[in-house]
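Descriptive structure summary
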Amino acid sequence: MPQVPTVRLGSTAILSSVQQPLRSLSSSRLPAAASHHTALLSFRFSPAPKPACRAYSSTATPPPPRSRLRRFIGFTSLAVFAFIAGGSYQTLKTASGMMDLRLSTDEETLSAFIPGDEFTKEVDDYIRNHPLAVSLREDPAFTESRPHLKMPAQMRARSLTGGTLAGPEMIVVPPLVFCEEGGKSLVSLLYLGPSLCGHPGIVHGGLLATLLDEAMGRCCFPALPNRVGVTANLNLDYRLPAMAGNYVALRAETVKVEGRKAWVEARIETLPEDGKEPKVLVEAKALFIEPKQAAAMSSLYNVTA
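Residues numbered from 1 in each chain as written. Predicted model: local features only at pLDDT ≥ 70, side-chain atom pairs only at ≥ 80, totals over all residues. Heavy atoms only, no water.

Quick word on the pattern of salt bridges
- Inspection of the entire model under this criterion finds 10 salt bridges.
- Ionic pairing is found between Glu258 and Lys256, a salt bridge with its closest N-O pair at 3.3 Å.
- Counted as one network, the salt bridges with shared partners bring together Asp124, Arg128 and Arg146. (Salt bridge = Lys/Arg side-chain N within 4 Å of Asp/Glu carboxyl O.)

Focus: the environment of Thr105
- When you line up the elements, Thr105 lands in the loop between α3 (68-99) and α4 (106-110).
- A relative accessible area of 34% means that Thr105 is categorised as partly exposed.
- Spatially, the C-alpha atoms of Thr105 and Arg146 are 9.7 Å apart, while their sequence positions differ by 41 residues. (Helix = DSSP H or I, 4+ residues; strand = E, 2+ residues; numbered from the N terminus. Buried < 20%, exposed > 50% of the residue type's maximum accessible area, 1.4 Å probe, protein only.)

Regarding the environment of Ala242
- One can find Ala242 in the loop between β4 (230-238) and β5 (246-258).
- Its relative accessible area of 3% is what places Ala242 among the buried residues.
- The residues contacting Ala242, other than those within four sequence positions of it, are Gly201, Ile202, Val203, Leu208 and Leu281. (Contact = heavy atoms within 4.5 Å.)

Things to note about the confidence of the model for the protein chain
- The predicted model of the protein chain averages 81 in pLDDT, with 70% of residues at 70 or higher.
- Confidence over residues 4-18 falls short of pLDDT 50; this stretch has 13 contacts with residues more than four positions distant or in other chains. (pLDDT = per-residue confidence, 0-100.)

Right, dumping it as structure tokens:
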């Protein structure tokens, strides 16, 4: 009997090459025993079953995206927290810094301003000696001062009406202010120069609104629990053009106070020579509200009032 080659189980290609010669031998009159061995070989060398394979994905399944609403709420909350924290820190820092500054008294502010030229001295003398100023100075219910000069020099330089717009051809001298006790009323005397115009020769209406806003707040603050407030509403009626290069008087009166709210009415009018009737240039009404954190702001107000 011919020798059968040895093969590796499970290899289909080699098994076929072995079975083919065996079939040839069987057909060429092999003995019965050889045929029997061939059948056994055919049975023993049947192909092994292929192992089952599990398919795996090459990419991981991404997590579901976050809701846009959740992301928006998260970012908004973070921004609001940062804004509040930053504002509170800056307010406390500024207020604590103000505590270390020495403030000028009302009497000291009256002698703090020194005119730098003849025209400025002329304006200052006219305001100080005007009959309206003399009459208010003699009234014990009123206190005379120049509030802008209470501010330290470094703060005054950043003030709109006390620094930026103060000087030759603008607000030539610091306004002379008379305040009635208890926040009842206020009178401010000032000169508006030719460099404060909107239309040529006419004082800008926005400046008049700013002067009224400041004076009305200064008028009513002493009537509020912590002597400080912010403007909630301001309405103006312009009656006549305010010609530049003229003296004006600003009058304010606190008409109503309820808790943290104060209503104020005011007007700017010409400051004529004695015996002439003033002309109303602009009228205003405003509502001021004391903030809930006013106790922490009161020290800062004492500097700027």
